[in-house]
Amino acid sequence: MERANDIVTEMTPLVCKSYERFDHFAGLWLAAYRKTGRSIYCRDGCAGCCKLAVHATWPEAAAIVGRLSEWQIKSLNDYVRVLQKVSPEFSDLKSYLKRHRDELGHCSFLDAQGSCSIYPMRPLSCRALLSTRPSAWCTVDISELTDWDKRAFESSLDRQIVAWPTHYVAATRDLGRDLESSLLGAMLRKRGWALSGNFAVMAWLALNSRLSSADRFTKNQLQDLLVTHQLDNPLLLRLTDRFQENDPTGQITLEG
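Omega for the peptide link from tryptophan 164 to proline 165 comes to 5°, which places this bond in the cis form. Within the secondary structure, proline 165 is located in the loop between helix 6 (147-155) and helix 7 (170-191). Backbone geometry at alanine 47 places phi at a positive 60°, although glycine is not the residue there. Note on placement: alanine 47 falls in the loop between helix 1 (6-35) and strand 1 (55-57).

Have a look at this one:
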């Protein structure tokens, strides 16, 4: 087996285990929530949240690469070509998120019917996004609402449930973040480096670079790689190595 397959071989079982743990928790949470007479409005094909910039870990992105079809790879390439043009203009996180929503269109992995074509392997950040408001709200940029509309929206939210000030569930968001942190920690222990950030960019790099085979990887090497591929905006990806003070090992153990 080629060295380039090592990260996929090492990490995909942990990715699948994290998805199983998340889905088990979410199923129990949803059942309890629905017993109160309330609803989660996510439905197949609603796709409003699929215009958001999807944050994920490198193991999650690498895990889907061998499963992609020709049309998915073409769609991914189209997405990256647009991102290469506009990413130099992202000046801060707010501008990145807004322009991503407005200019890059829907996720590369939506099919012609507006459904997720990688649904069983969608990343934790997608799994975690459960809407307590009708799906039309997932296409609204809250920052563009009038003060009155924003106050009305916020007053409609159950602060005991949502990740304030959004209408998305806090419990699933928090678990998703903990599991992401655990995946990054596992990769740090196995490889000495871990990458997180834009899900589509990482999947594209896994297809178009030798990054998956790297035993050691530095910030300078990441910068050189991103410059080579015209993706050198620090908002897109974040590299952590085991020599940093803050080791995101997480609180949930997935190994063993």
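In low-pLDDT regions, the fine details of the predicted coordinates are not to be read closely. In the predicted model, the protein carries a mean pLDDT of 88, and 92% of its residues have values of at least 70. Element-level mean pLDDT values for the protein span from 88 in helix 4 (residues 93-103) up to 97 in helix 5 (residues 124-127). Contacts for the low-pLDDT stretch residues 1-5, under 50 throughout, to residues beyond four places or in other chains number seven contacts. A low-confidence stretch, residues 245-256 stays under pLDDT 50, and its non-local contacts, those more than four residues away or across chains, total 32 contacts.

Moving on to the packing of helix 2 (residues 58-65) against helix 8 (residues 199-208). Where helix 2 contacts helix 8, the axes come no closer than 8 Å and their chain directions differ by 55°. Relative to helix 8, the element helix 2 lies oblique. Between helix 2 and helix 8 lies a crossing of right-handed hand. Facing helix 2, whose interface residues are Trp58, Glu60, Ala61, Ile64 and Val65, helix 8 presents Phe199, Met202, Ala203, Leu205, Ala206 and Leu207. Taken together, the residues of the contact of helix 2 with helix 8 break down into ten nonpolar, no polar and one charged.

The next point concerns the pattern of salt bridges. Under the counting rule described, the total for this entry stands at eleven salt bridges. Two residues, aspartate 78 and arginine 81, come together in a salt bridge whose shortest N-O distance is 2.2 Å. One end of the pair is aspartate 78 and the other is arginine 81, both in helix 3 (residues 70-86) and three residues apart, which spans about a single turn. For arginine 81, a relative accessible area of 46% puts it in the partly exposed group. One continuous salt-bridge network, built from bridges that share partners, spans Lys98, Asp102, Asp141 and Glu144.

With that out of the way, let us pick up helix 1. Taking 1.5 Å per residue, 30 residues should reach 44 Å; helix 1 reaches 44 Å between its end C-alpha atoms and fits that length. Residue threonine 12 marks the point of greatest curvature in helix 1, where the axis turns by about 35°; the proline proline 13 follows within four residues. Downstream of helix 1 by a residue or two, glycine 37 has a phi angle that is positive, lying close to 90°.

Across all of its chains, the model carries five aromatic pairs by this definition. Seen from their ring centres, phenylalanine 90 and tyrosine 96 are 5.1 Å apart, and the 50° between their planes marks the pair as tilted. The class of phenylalanine 90 is buried, set by a relative accessible area of 4%. Overall, the relative accessible area of 4% leaves tyrosine 96 in the buried class.

Attention now moves to the nonpolar core. Counting residues in each nonpolar core, the largest one holds 57 residues, and the members touching the most others are Trp58, Leu83, Trp193, Leu195 and Leu237. Counting only elements with at least two residues in this core, the list comes to helix 1, helix 2, helix 3, helix 7, strand 2 (193-198), helix 8, helix 9 (219-228) and strand 3 (237-241). If one sorts the elements of this core by residue count, helix 8 sits on top with eight residues. Ignoring anything within four residues of it in the chain, the contact list for leucine 83 reads Pro88, Phe90, Leu104, Asn198, Val201, Leu231 and Leu236. One finds Trp29, Leu30, Tyr33 and Leu130 within the second-largest nonpolar core, a separate group that totals seven residues.

Parameters and conventions
Residues numbered from 1 in each chain as written. Predicted model: local features only at pLDDT ≥ 70, side-chain atom pairs only at ≥ 80, totals over all residues. Heavy atoms only, no water. Helix = DSSP H or I, 4+ residues; strand = E, 2+ residues; numbered from the N terminus. pLDDT = per-residue confidence, 0-100. Contact = heavy atoms within 4.5 Å. Axes fitted to C-alpha atoms, helices over the stretch in contact; angles between N-to-C directions. Parallel < 35°, antiparallel > 145°, perpendicular 65-115°, else oblique. Left-handed = near helix turned anticlockwise from the far one by under 90°. Nonpolar A, V, L, I, M, F, W, Y, C, P; charged D, E, K, R; others polar. Salt bridge = Lys/Arg side-chain N within 4 Å of Asp/Glu carboxyl O. Buried < 20%, exposed > 50% of the residue type's maximum accessible area, 1.4 Å probe, protein only. Expected span 1.5 Å × (residues − 1). Bend = angle between axes of the 7 residues up to and from the residue. Phe/Tyr/Trp six-rings, centres within 6.5 Å; stacked < 30°, edge-to-face > 60°. Core = buried A, V, L, I, M, F, W, Y, C linked by side-chain atoms within 4.5 Å.

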